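Below are the chains, spelled out letter by letter.
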Amino acid sequence: MLATGDRNAALHELYVPSLAPEHQLLRRPARIAISVDGAFRWLGDRFDASFGHAGDAPIADVSLVAPDLEIEVWVETFADARLPLLARRIQVTNRGDRFRDARLFLHHDFDLSQGAGEAAARDAAGGGVVHFAGRRVVVVNLEGPDGPGAPIVAIASRAAAGAPGAAEEAAAGRLSGATQASGIVDSLVGVPIPLAPGASAMVTAWIA
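Described below are features of the structure shown in this document. (Residues numbered from 1 in each chain as written. Predicted model: local features only at pLDDT ≥ 70, side-chain atom pairs only at ≥ 80, totals over all residues. Heavy atoms only, no water.)

Considering the pattern of salt bridges
One pass over the structure, following the stated rule, counts 15 salt bridges. In this structure, the salt-bridge partner of glutamate 168 is arginine 28, at a minimum N-O distance of 2.8 Å. Of this pair, glutamate 168 sits in helix α1 (residues 166–171) while arginine 28 sits in the loop between β2 (11–15) and β3 (32–36), and the two are 140 residues apart along the sequence. Through salt bridges with shared partners, one network takes in Arg27, Arg28, Asp109, Asp111, Glu118, Arg158, Glu168 and Asp186. (Salt bridge = Lys/Arg side-chain N within 4 Å of Asp/Glu carboxyl O. Helix = DSSP H or I, 4+ residues; strand = E, 2+ residues; numbered from the N terminus.)

Next comes the structure, spelled out in structure tokens:
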């Protein structure tokens, strides 16, 4: 698996030679968002970003701080050199002196068919989301403070690639909660991470 991203921890390119040679699997960047006390914000929106030192492994390490929220998000991304697997460790820390009701969200818009013949559904066994088109299958899931599986899942079908979907629903604060769709689809997985003053929560997310 080959992946590229940016300083806001969004994935911009995803290539899996055994799955789709020379086919970029992301229709739109795969972004991360956080909701703090009901206020939804994509990482990069009024966050100060800095890169860490990832060492010799195929890892990207970025720290994002939102001074007005007193929230720090640290994201480490690892693309496996031998397996079609990408993993992200996301640590969210409350730097303030009051409790914050936080939720972490990951958005994915896969282009598996280079057309509209796609579908996505909640994975009843693992608790994540399965995107598929023909023989191409991608699984998205996470593990939060309460264990594996995504407590929040939303899947949207769009009339066109540029039409609003699950990402726009989340930003507007009106997640449909749909757990399956077909056509041109995107999905959002999320997890509550309540944070006491000075506390941190770790979420591990993966694409396989």
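Next, the rest of the story.
Re the pairing of strand β7 (residues 71–79)
Along β7, seven of the nine residues are buried, which leaves the element largely enclosed by surrounding structure. Both strand β6 (residues 59–66) and β7 contribute to a ladder of eight bridges, which runs antiparallel. Paired with alanine 60 across the strands is threonine 77, a residue of β7. For β7 and strand β8 (residues 86–94), the ladder comprises nine bridges, and the chain directions are antiparallel. Residue isoleucine 71 lies in a different strand from β8, and its bridge partner there is asparagine 94. The turn linking β7 back onto β8 is made up of six residues. (Buried < 20%, exposed > 50% of the residue type's maximum accessible area, 1.4 Å probe, protein only. Pairing = 2+ DSSP bridges.)

Observations regarding the pairing of β8
Judged from the eight bridges that link them, β8 and strand β16 (residues 200–207) form a sheet pairing that is antiparallel. Bridging across to β16, threonine 93 finds its partner in serine 200.

Some thoughts on the packing of aromatic side chains
Using the criterion set out here, one finds two aromatic pairs in the structure. Between the aromatic rings of phenylalanine 40 and tryptophan 42, the centroid separation amounts to 5.2 Å while the plane-to-plane angle is 90 degrees, which identifies the pairing as edge-to-face. On the accessibility criterion, phenylalanine 40 (21% relative accessible area) is partly exposed. Taking relative accessible area as the criterion, tryptophan 42 reaches 12% and is therefore assigned buried. Centroid distance phenylalanine 40 to phenylalanine 105: 5.6 Å. Interplanar angle 40 degrees. Geometry classified as tilted. (Phe/Tyr/Trp six-rings, centres within 6.5 Å; stacked < 30°, edge-to-face > 60°.)

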